[in-house]
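Structural overview for review
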Amino acid sequence: MTHYESIVIGGGVIGVSIAYHLARLGQRRVLLLERGRIGEGTTAQSSCILRTHYTVPENVQLAQAAWRVYDDFAGYLDDREADCGLVRCGYLIAAPPGAKSTALHEALAAQRGFGIRAEVIDAPAARSLLPIASFGDDELIGYEPDAGFADAYLVTSAFARNARRLGATVRENTAVTGLVLAGRRVTGVACGAETIGADQVISVQNVWSGELARWAGVALPLAIERHSVMSLETKAAPYTRQMPVFKDLGVPGLLYCRSYGGAQMLVSEGTPGEVLAAPDTVQADVPLDRVVDVGGQVAGRFPAYAEAGLASSWTGLYDVTPDWNPVLGPLPGVEGLWLAYGFSGHGFKLAPSVGLLVAQAVLGRAGAVPIEAYALSRFAQGRLLAGRYGAGAVS
Ligand SMILES: Cc1cc2nc3c(=O)[nH]c(=O)nc-3n(C[C@H](O)[C@H](O)[C@H](O)COP(=O)(O)OP(=O)(O)OC[C@H]3O[C@@H](n4cnc5c(N)ncnc54)[C@H](O)[C@@H]3O)c2cc1C
């Protein structure tokens, strides 16, 4: 039986980052197994927004470390060809007076405590950054200049390419169908009739993590949610790439928007989505009443978008945990088995630092953030990493 030090199950942006970092930290025999093609899972559906704005301090630290990687992607990977498609347009977030405003104020102060540029700006300053939007004088507006968005395909393929360069094996079109166990220790995986040995197995299966739960005979908290994304277009007010990503805490959908294709607005909701019984990445229709509802909220903030047309729409799945934050670390009761799932719609920006953190833990090393904060046991122990804006992907 072929034997590896580590097997990573799943070739999304998190899985390839973990495989890359295991190889970078010195593991010589790393195998990543992807059922389809690298990056074709939920990573392909991502809006790819990068920000360090979070109300959970551990997330701020992970996002800050990840931003540094995205900001110097080729340098970090030591690969002159690597380009993450970074658009450094900044991030604006607005909250109405009340609880959300208090939370935003405290979050911005906490960010500054980590050395992040995160300022409170007034409505005229916000209008100068995002002239297609209207801002009220009673709103609290936060601005993070070192933020933006990147490209899922470029990031995922660069991590995979560099994992290979450092000696890892990346196999596509290979579905893991079970675990090989010796008592309560994992000793490898089954891929149909083929078995492959490993000292450590890391499951990075996102919405397909229920398979892992069945193989290991455990229950994992996971809701599969479908979210819809739209791109809107109006010639009267193009959303250019220089304009910041915008998060609106003042509308029911807690909408986020960014430039798309250089002139359109990509918009989606930051609230819980439609719960599915099983993972299914097949595209679903975005109902007309959803388009009308989101369009109305957009038009309240971006007056010219009252006349906007729907250019395109698509759906994507979130792997949601009870506190909308990932589970990272060992699966208790099965030695050698590790989990990295539950990114709840905000894992893309964290991929570089989560990959490093998980690889360090697998190698028995401490990371910049204690990985124990993200342990599965936090749900049973009531140590939730709950965000201050309520359920949704800001955390
Ligand atoms: C609509 C949408 C918008 C988003 N916007 C943002 C954003 O703006 N910013 C942000 O930070 N995050 C965002 N996210 C979240 C982010 O994209 C995800 O958290 C991240 O891409 C998840 O990566 P992953 O590697 O965990 O999962 P995936 O990309 O889903 O990868 C899991 C892989 O595992 C493979 N797999 C599963 N089971 C097996 C098996 N048995 N054998 C072999 N392979 C298997 C699958 O084929 C899949 O490729 C968004 C997500 C969606 C859906």
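Definitions and cut-offs
Residues numbered from 1 in each chain as written. Predicted model: local features only at pLDDT ≥ 70, side-chain atom pairs only at ≥ 80, totals over all residues. Heavy atoms only, no water. Near = heavy atom within 4 Å. Polar contact = N/O pair within 3.5 Å; in protein donor to acceptor, adjacent residues only side chain to side chain. Areas by Shrake-Rupley, 256 points an atom, 1.4 Å probe, with all protein chains shown as cover. Helix = DSSP H or I, 4+ residues; strand = E, 2+ residues; numbered from the N terminus. Nonpolar A, V, L, I, M, F, W, Y, C, P; charged D, E, K, R; others polar. Buried < 20%, exposed > 50% of the residue type's maximum accessible area, 1.4 Å probe, protein only. Pairing = 2+ DSSP bridges. Domains from an automatic or database assignment. Contact = heavy atoms within 4.5 Å. Buried area = accessible area lost by both parts, 1.4 Å probe. Salt bridge = Lys/Arg side-chain N within 4 Å of Asp/Glu carboxyl O. Expected span 1.5 Å × (residues − 1). Phe/Tyr/Trp six-rings, centres within 6.5 Å; stacked < 30°, edge-to-face > 60°.

All right, on to the site of the ligand then. Around the ligand, the surrounding shell holds 38 residues, and the nearest of these are Glu34, Arg35, Thr43, Glu211 and Lys349. Within the side chain of Gln205, a nitrogen or oxygen atom sits 3.2 Å from a nitrogen atom of the ligand. Here the ligand loses 98% of its free accessible area of 1000 Å² to cover by the protein chains. If you list the elements that add at least two residues to the shell around the ligand, you get helix 1 (13-24), helix 7 (209-216) and strand 17 (309-320). Taken together, the residues of the shell around the ligand sort by class into 17 nonpolar, 17 polar and 4 charged.

Alternating residues of strand 13 (residues 245-248) divide into Val245 and Lys247 and Phe246 and Asp248, and every residue in both groups is buried. In this structure, strand 4 (residues 91-95) lies alongside strand 13, joined through 4 bridges in parallel fashion. Paired with Tyr91 across the strands is Val245, a residue of strand 13. With 2 bridges joining them, strand 13 and strand 14 (residues 256-260) adopt antiparallel strand pairing. Looking across to strand 14, one finds that Lys247 is bridged to Tyr256.

Let's shift gears to the pairing of strand 6 (residues 140-144). Most of strand 6 is tucked away, with 5 of its 5 residues classed as buried. Side chains Leu140, Gly142 and Glu144 of strand 6 all project onto a buried face; the interleaved residues Ile141 and Tyr143 project onto the opposite face, where all are buried too. In terms of strand pairing, strand 4 meets strand 6 through 5 bridges, oriented antiparallel. Note that in strand 6 the partner of Ala94 across the bridge is Ile141. Taken together, the 3 bridges between strand 5 (residues 119-121) and strand 6 define a ladder with antiparallel strand orientation.

As assigned here, the protein comprises domain 1 (3-65 + 152-221 + 323-381) and domain 2 (91-145 + 223-320). The C-alpha-based centres of domain 1 and domain 2 are spaced at 29 Å. With 24 residues of domain 1 at the contact, the number on the domain 2 side is 30 residues. Contact between domain 1 and domain 2 buries roughly 2200 Å² in total, counting both sides, with carbon and sulfur atoms accounting for 63%. By the criterion of area lost to domain 2, the three top residues of domain 1 are Gln45, His53 and Trp324, representing 30% of everything that side buries. Applying the counting criterion to the domain 1 and domain 2 interface returns 0 salt bridges. Linking domain 1 to domain 2 there are 12 residue pairs in polar contact (both at pLDDT 80 or more). For the side of domain 1 that touches domain 2, the leading source of residues is helix 2 (residues 57-71), giving 4 residues.

An ideal rise of 1.5 Å per residue puts 16 Å on 12 residues; helix 9 (residues 351-362) measures up with 16 Å between its terminal C-alpha atoms. Of all 12 residues in helix 9, 11 are buried; the element is thus mostly enclosed.

Another point: the packing of aromatic side chains. Taken as a whole and assessed by the stated rule, the structure comprises 10 aromatic pairs. Geometrically, the ring pair formed by Tyr20 and Phe159 is tilted, given 5.5 Å between the ring centres and 55° between the ring planes. Here the residue Tyr20 occupies a position in helix 1, and Phe159 occupies one in helix 6 (residues 152-165), the gap between them amounting to 139 residues. Comparing Tyr20 with Phe159 shows no difference in burial state: the two are buried. Plain terms: the ring middles of Phe246 and Phe302 are 6.1 Å apart, the flat faces sit at 80° to each other, and that makes the pair edge-to-face. Taken as a pair, Phe246 in strand 13 and Phe302 in the loop between helix 8 (288-301) and strand 17 lie far apart in primary sequence, 56 residues in all. The residues Phe246 and Phe302 share a single accessibility class, namely buried. Ring pairing ties together the aromatic residues Tyr20, Tyr70, Phe73, Phe159 and Phe348, which thus form one cluster.

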